[in-house]
2 protein chains.
Amino acid sequence: MTHRNSTPPPSEQWLPALGWLRNYRRATFSADLTAGVITAILLVPQGMAYAVLAGLPPEVGLYASVVPPLLYVLTGTSRAMSVGPVSVAAILVAETLATTGQTAGDENYLAGAILLAALSGAALLLLGALRLGALANFLSHPVLSGFTSAAALIIIASQLGNLTGIPLARGDLWRTVEGLATHALDANGPTLALGVGTTLALIGLRGPLVRLLSRRGMSQDKAQLLGRAAPLLLVILTTTAVATLHLDALGVATVGEIPAGLPQPTLSFLTNPAWRELLLPAFMIAFIGYVESVSVAKVLARKRRQKIDPNQELVALGLSNLGAAVTGTMPVAGGFSRSMVNFAAGAQTQFAALITAILVGTVTLWLTPWFYYLPQAVLAAIIIVSVAPLIDLDTVRESWRYDRADTMSLAITFGGVLVVGLEGGLVLGVLLSVALYQWRAAKPHIALVGRVPGTEHYRNIHRHRVETWPELLLIRIDESLYFANAAYLDQFVANAVAERPQLRHLVFLMNPVNHIDLSAIETLIGLTIGLREAGITVHLAEVKGPVMDRLQESHLLTELPPGRVFLSTEEAVQALTQA
Amino acid sequence: MTHRNSTPPPSEQWLPALGWLRNYRRATFSADLTAGVITAILLVPQGMAYAVLAGLPPEVGLYASVVPPLLYVLTGTSRAMSVGPVSVAAILVAETLATTGQTAGDENYLAGAILLAALSGAALLLLGALRLGALANFLSHPVLSGFTSAAALIIIASQLGNLTGIPLARGDLWRTVEGLATHALDANGPTLALGVGTTLALIGLRGPLVRLLSRRGMSQDKAQLLGRAAPLLLVILTTTAVATLHLDALGVATVGEIPAGLPQPTLSFLTNPAWRELLLPAFMIAFIGYVESVSVAKVLARKRRQKIDPNQELVALGLSNLGAAVTGTMPVAGGFSRSMVNFAAGAQTQFAALITAILVGTVTLWLTPWFYYLPQAVLAAIIIVSVAPLIDLDTVRESWRYDRADTMSLAITFGGVLVVGLEGGLVLGVLLSVALYQWRAAKPHIALVGRVPGTEHYRNIHRHRVETWPELLLIRIDESLYFANAAYLDQFVANAVAERPQLRHLVFLMNPVNHIDLSAIETLIGLTIGLREAGITVHLAEVKGPVMDRLQESHLLTELPPGRVFLSTEEAVQALTQA
């Protein structure tokens, strides 16, 4: 993928940080510092919230925001991506551990999340070693859109219990909706007020606060960035309110005691016997996290003419996840919205992420007691407001207008995720989109051509007035041939031949063919032998050099004679119409 | 698929028999009569043998050779294909009913086989109604080869017990091998002698008998056809031997009493509650039978410039299988070797199959008592000798030389069938071959092009000496764009742009692009917006008419300005290098 004249030296290939560190300048530093602070302000409440979403204690989300991003800082190729806890990985962890029979709060639950991080890291490193970054390409845009929309719905549903104070068992969407309907009157008043109030404030503050600030003379950009501080502002406000008004005594669930400091590094996940059943889910978490990360990294890189190395990203995210496991936390990835904030705040290099990690680390070491009275409902509101934009109606609308096959992929993935779960739904969507593509590719462009009179140009006989010959048929194959489209060629030739009783020679014009697989070779051999018995000789013309080299290895050329391989169509026509 | 000027009238489309009946001639009749008789001679022992292979009483195979082929005679589009019991469908029936906990000989076992025929028939009719004949294209040649080779091995193993008289429990390959090794000394002498003797005779008679006959002045073709009578000859010889020498008293298992006559038509399968668990296996049986049938039908049609309608074949085989269910027998398909014999014996139309059905029907009605002393070991030998040629080492060798990806598909399918079973192995092979194809297709041909000096021709800059411009880049996209290859384009552009700091304009030359899916559109939009922020304008040139129509429905054209859509590359170069 990299070009000869732009491959970085080996040291930089493994530690891309050396690239930007070498030319680091003062102006860049101040931009990175600002961005790092703003991202940290966003990350502290978000990190705790995503840990809760995963069914884990809030501090685990803070741990995930310290060491893993530092490993990415050194090894990642994106300049502005923010690695840490992300919502989709969090809900996948929750779903996985629930289906393997763990209950949030169990001793094994955290160990399971750590093991998922370790296995995800190992899977990413393995894919990186095999240079399989292109695996992400199997995920089409409509499938990804359907998946994230459904995941966002599931995430929102999972937070409604915390938001309202209604005691809901964790479960699927339907059970949540049913539980809400049945127990609507059990909502805790103060919790509901805090939850709904925070949600409305988070939605409202984005627009009006930004407008207010910019009307007071602040630049639009700066005002929008300050709007990003809204979550932390609301955390401080509501925590203070709960502490001073003793709302916890009225039934408002709070975060409670959070141990200060980072956990001791551990390798205990190595002896966790659950790895067999967590291997496949870990692979899914790794894959989805990787796709999310690379998407955002590409979007950001394009804006500044920078490059992403998808295979090095596998390595960097693999190391970050191993780092997550060693420091006792959940799987991580590059978060979409957080990275956009980091970029918009001016992050030029991963130095910004270093600042963020130091700040979150500081909070984790000394400031966690301050969050004792932080209401769970506020975290739920933060989660709901951050994932709601993932519900992507634009792509539904656009795909409906553009291509019904894409709409079907999107709808099946969305429905699949809601009905059979996040992982099953995604697998279904990927398989369906690949099948739909194959289905379409099974009808290659093939044209009967004839000569434009007085020239050596050959054109489609159905679109142009051209010369044809009763004893000679020229068939232009416009695409590479492989097992799924060879049968169409076979059928096309059978129909064309059945209509032309005088036919003696058939020439395949192969210039547009870049590749032929063994099944297609067999089809061509079958055609050659079968048509010979029917008195028709098959010839080839304009075969590309690399394809000709491959054909030498097959039986096709030995079965062809008396059929010939002509260099040009004109040569074939001259030879076969003189006879 | 059919051409305007060759579409048959509607009556013939549904009853293709009307086509050949209308022009039926005396010469054709005598050819069809010979072929019908020869195929019947082959079919009687083969039909009984395949029923035994499926774990069913031998007469069930005779039933499958009467009514189902008659339905195909009326509705099929192949002139020489012989529909009836086939080995692969038989082993699939045995495997399916074994895994659903049935034991051969149980009352429910035959009912299960009948239900499988009914469900297969329904599945084929459904696919036919949806015009989904192209589904067969998903089965690549190497996957089919690996599948049939492994199926042949499993079939041979399943017959070793009957062949040797060693009492083996039906089971997988490993248990059979283990059982043979353990109980080798329990072989029944007379059975072993009959079984091995018949096997050797069947193999030996093919060559020497044919040579002998042709040396005596018989034509090579006729001698070979007479060689086809060898199975019936051996059936008569060994049956007489057992009856006269009372070998059954020495432990030679015989077919025993076969009820004469055809069974009453029944619809009892409609109320069989097992349909839920048999639905998926029935679909597999239908699919595999269909692929086998269409392959042989195409091979035969090609030799006589005839046409096959793959969708009508779905209907015809669907009706044949429903007919099989109603007449109380197992699933049917077009048999490969039997159809080749029918063709070689001179069959011109399905009238030959009508003769065959009448002859087998006659045997079934009146002659079944004659088979009382027919040894099971002889049927086992017939099965083994007919399926042994399915072990296809040629394709292994050829794929190894031609394409390792194809070899991998073949090997995985073969191993998968042996390890996880016939159906699982086939699904594995199909998924793998599709994935390998997608993997390869994920790297589309893309070239940077420049102008051949003094002309308006544009060529790859890496292959030709051409003019280029520092502020303008021309990228020719040589294939249709879709989700799996769009990321490669993205990466290619990112690399090209990162190396060219003076770049201001980028033009995509789209002439070879036949289709763009929504994911690729999103990639192009992302490139356009991202590169604009980097000071580069994206343009399009040479967009094909139908593609342009689709682009009108997308956001790409609204995001493009100030980028433009140029008719020709030259026009783009003129406009963008003057500025």
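Residues numbered from 1 in each chain as written. Chains lettered and ligands numbered in written order. Predicted model: local features only at pLDDT ≥ 70, side-chain atom pairs only at ≥ 80, totals over all residues.

What about the overall build of chain A?
Right, so step 1: Assigned secondary structure in chain A consists of 25 helices and eight strands.
Right, so step 2: Across its three principal axes, chain A shows a C-alpha extent of roughly 105 × 60 × 60 Å.
Right, so step 3: Each of the 579 residues in chain A was classed as buried or not, and the buried ones make up 54%.
Right, so step 4: Taking all contacts inside chain A whose residues are at least 6 apart in sequence as the whole, residues at least 24 apart take part in 81%. (Helix = DSSP H or I, 4+ residues; strand = E, 2+ residues; numbered from the N terminus. Buried ≥ 20, exposed ≤ 12 C-beta atoms within 10 Å, placed from the backbone. Contact = placed C-beta atoms within 7 Å.)

Thoughts on the interface of chain B and chain A
Right, so step 1: Contacts between the two partners involve 60 residues from chain B, matched on the other side by 60 residues from chain A.
Right, so step 2: Going through the elements one at a time, α8 (141-164), α13 (275-303), α18 (393-402), α20 (422-441), α21 (483-498) and α22 (518-533) of chain B are the ones with two or more residues in the side of chain B that touches chain A.
Right, so step 3: A breakdown of the residues in the side of chain B that touches chain A according to their chemical character gives 23 nonpolar, 20 polar and 17 charged. (Nonpolar A, V, L, I, M, F, W, Y, C, P; charged D, E, K, R; others polar.)

Here's the deal with the sheet that holds strand β5 (residues 472-477) of chain B
Residue and element names in this part refer to chain B.
Right, so step 1: Within the open sheet, the six strands sit side by side as β4-β3-β5-β6-β7-β8. Their pairing is mixed. Either end of the sheet is taken by a strand with one partner, and the two such strands are β4 (458-460) and β8 (565-566).
Right, so step 2: Here strand β3 (residues 446-451) pairs with β4 via three bridges, running antiparallel. For Arg-451, the partnering residue across the bridge sits in β4 and is Tyr-458. (Pairing = 2+ DSSP bridges.)

Looking at the relation of the copies chain B and chain A
Right, so step 1: For the pair chain B and chain A, the best superposition has an RMSD of 0.1 Å and corresponds to a rotation of 180 degrees with a translation of 0.0 Å parallel to the axis. Classification of the inter-copy transformation places it as that of a two-fold axis. (Least-squares fit on C-alpha atoms with pLDDT ≥ 70 in both.)

Thoughts on the UniProt feature "domain: STAS" (unreviewed entry) in chain A
Right, so step 1: The UniProt record marks residues 462-576 of chain A with the feature "domain: STAS" (unreviewed entry), using the residue numbering of this structure.
Right, so step 2: Along residues 462-576 of chain A one finds 45% helix and 16% strand; the C-alpha atoms at either end are 22 Å apart. (UniProt positions renumbered as here; feature names shortened; annotations may be inferred.)

Notes on the pairing of β3 of chain B
Residue and element names in this part refer to chain B.
Right, so step 1: Here four bridges tie β3 to β5, and the two strands are oriented antiparallel to one another. Across the sheet, residue Leu-448 finds its bridge partner in β5, namely Ile-475.
Right, so step 2: Hairpin remark: β3 followed by β4, antiparallel, with six residues in the connecting loop; positive phi at Gly-454, about 80 degrees.

Points about the domain arrangement of chain A
Right, so step 1: Segmenting chain A into domains produces domain 1 (19-435) and domain 2 (446-578).
Right, so step 2: Its C-alpha centre places domain 1 of chain A at a distance of 56 Å from the equivalent point of domain 2 of chain A. (Domains from an automatic or database assignment.)

Things to note about the nonpolar core
One broad trend across soluble globular proteins is that nonpolar side chains are buried collectively.
Right, so step 1: In terms of nonpolar packing, the biggest core is built from 372 residues, with Val-93, Ala-113 and Met-330 of chain A together with Val-93, Ala-113 and Met-330 of chain B touching the most fellow members.
Right, so step 2: Setting aside chain neighbours within four positions, we find Val-93 of chain A in contact with Ala-54, Ala-113, Leu-116, Ile-285, Met-330 and Pro-331 of chain A. (Core = buried A, V, L, I, M, F, W, Y, C linked by C-beta atoms within 7 Å.)

Considering the environment of Pro-45 of chain B
All names here are of chain B.
Right, so step 1: Examined against the element boundaries, Pro-45 turns out to sit in helix α3 (residues 26-53).
Right, so step 2: Looking at Pro-45, the number of C-beta atoms within 10 Å reads 25, which means it is buried.
Right, so step 3: In this structure, the C-alpha to C-alpha distance between Pro-45 and Pro-85, residues 40 residues apart in sequence, is 11 Å.
Right, so step 4: Those residues in contact with Pro-45 that sit more than four places away from it in its chain are Pro-231, Leu-232, Val-235 and Ile-382.

Side note on the packing of helix α6 (residues 87-99) of chain B against α8 of chain B
Residue and element names in this part refer to chain B.
Right, so step 1: As a packed pair, α6 and α8 sit with axes 10 Å apart at the nearest point and diverge in direction by 65 degrees. Between α6 and α8, the crossing angle belongs to the class labelled roughly perpendicular. Pair α6 / α8 crosses with left-handed handedness. On the side of α6, the interface is formed by Ser-87, Val-88 and Ile-91, while α8 contributes Thr-148, Ala-151, Ile-154, Ile-155 and Ser-158.
Right, so step 2: Looking at the contact of α6 with α8 residue by residue, the class counts come to five nonpolar, three polar and no charged. (Axes fitted to C-alpha atoms, helices over the stretch in contact; angles between N-to-C directions. Parallel < 35°, antiparallel > 145°, perpendicular 65-115°, else oblique. Left-handed = near helix turned anticlockwise from the far one by under 90°.)

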